[in-house]
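# Coordinate analysis (summary)
Spelled out, the chains give:
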Amino acid sequence: GMSVIIDYDRQQLIMGVDLPEETADVELPLRMHRLAMVPGHVQGGAASFILDTGGQVISISTDTASGLERGEMRNIPLKVYGASGWDRDAFLMPGVNLNFNKIEYKNLSVVVLNLRAPSVLLGFRLGGIVGYKFLSRYRVAINLDKSIVQLQARTPPRRAD
């Protein structure tokens, strides 16, 4: 039952039952069902995304990808090895639109993973996973008491002119 603040810029991890109040540019509802999840949209359709602070990329499930209208786009095969072993079904899908509240990604290339096994274990269809590529742009507060994820945008480093 501990909340956590992850500050990627400072390389800090703060954990505790009671954490200091955080300011946020974006707040997302947090759903805890064995895993921390936030709601998002893929091409306008609602989906649940696992927050994976140890993962690298933004991915969607093969089930989510199969429901998308894609036209003539091709899939780019990938070799992905994760916690569940080698995902022989993995591929890169270009041109995907994602949003999480006010955060929007247009024409993003996402990794498509077979998430059927964790979906069965959880009892509902997972939409995808958000990892470092998404989270590292923010100071991330996962507040279990309030059931929210707070994202405070990092300030980009200033250029010396």
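Look up a bit, the structure's there.
Procedures and definitions
- Residues numbered from 1 in each chain as written.
- Predicted model: local features only at pLDDT ≥ 70, side-chain atom pairs only at ≥ 80, totals over all residues.
- Heavy atoms only, no water.
- Helix = DSSP H or I, 4+ residues; strand = E, 2+ residues; numbered from the N terminus.
- Contact = heavy atoms within 4.5 Å.
- Pairing = 2+ DSSP bridges.
- Axes fitted to C-alpha atoms, helices over the stretch in contact; angles between N-to-C directions.
- Phe/Tyr/Trp six-rings, centres within 6.5 Å; stacked < 30°, edge-to-face > 60°.
- Buried < 20%, exposed > 50% of the residue type's maximum accessible area, 1.4 Å probe, protein only.

Mapped onto the secondary structure, Ser61 falls in strand β7 (residues 58-61). If sequence neighbours within four positions are ignored, Ser61 has contacts with Val112, Leu113, Leu115, Leu126, Gly127 and Gly128.

It is worth spelling out the sheet that holds strand β1 (residues 3-7) at this point. Pairing is antiparallel across the open sheet formed by five strands, whose spatial order is β2-β1-β14-β15-β3. On the outer flanks of this sheet lie β2 (12-16) and β3 (26-29), each paired with one strand and no other. Across the sheet, the mean angle separating the axes of adjacent strands is 15° when strand polarity is ignored. One ladder, built from five bridges, connects β1 with β2; its direction is antiparallel.

Looking at the secondary structure, you find Pro29 in strand β3. Here Pro29 is in contact with Met37, Val38, Pro39 and Ser147, once residues within four sequence places are set aside.

Our focus in this paragraph is unusual backbone geometry. Notably, Gln43 is not glycine yet its phi reads approximately 50°, a positive angle. Following the sequence through the fold, Gln43 ends up in the loop between β5 (36-42) and β6 (45-51).

The next thing to look at is the packing of aromatic side chains. Remark: the centre distance and the inter-plane angle together describe each pair of aromatic rings, the angle taken between the planes. Inspection of the entire model under this criterion finds five aromatic pairs. An angle of 75° between the planes, with centres 5.4 Å apart, marks the rings of Tyr8 and Tyr132 as edge-to-face. In this pair, Tyr8 sits in the loop between β1 and β2 while Tyr132 sits in helix α3 (residues 132-135), placing the two residues 124 residues apart along the sequence. Tyr8 sits in the buried class, given a relative accessible area of 18%. Taking the relative accessible area as the measure of exposure, Tyr132 reaches 38% and is therefore partly exposed. Arranged with centres 5.0 Å apart and planes meeting at 55°, the rings of Phe100 and Phe134 form a pair that is tilted.

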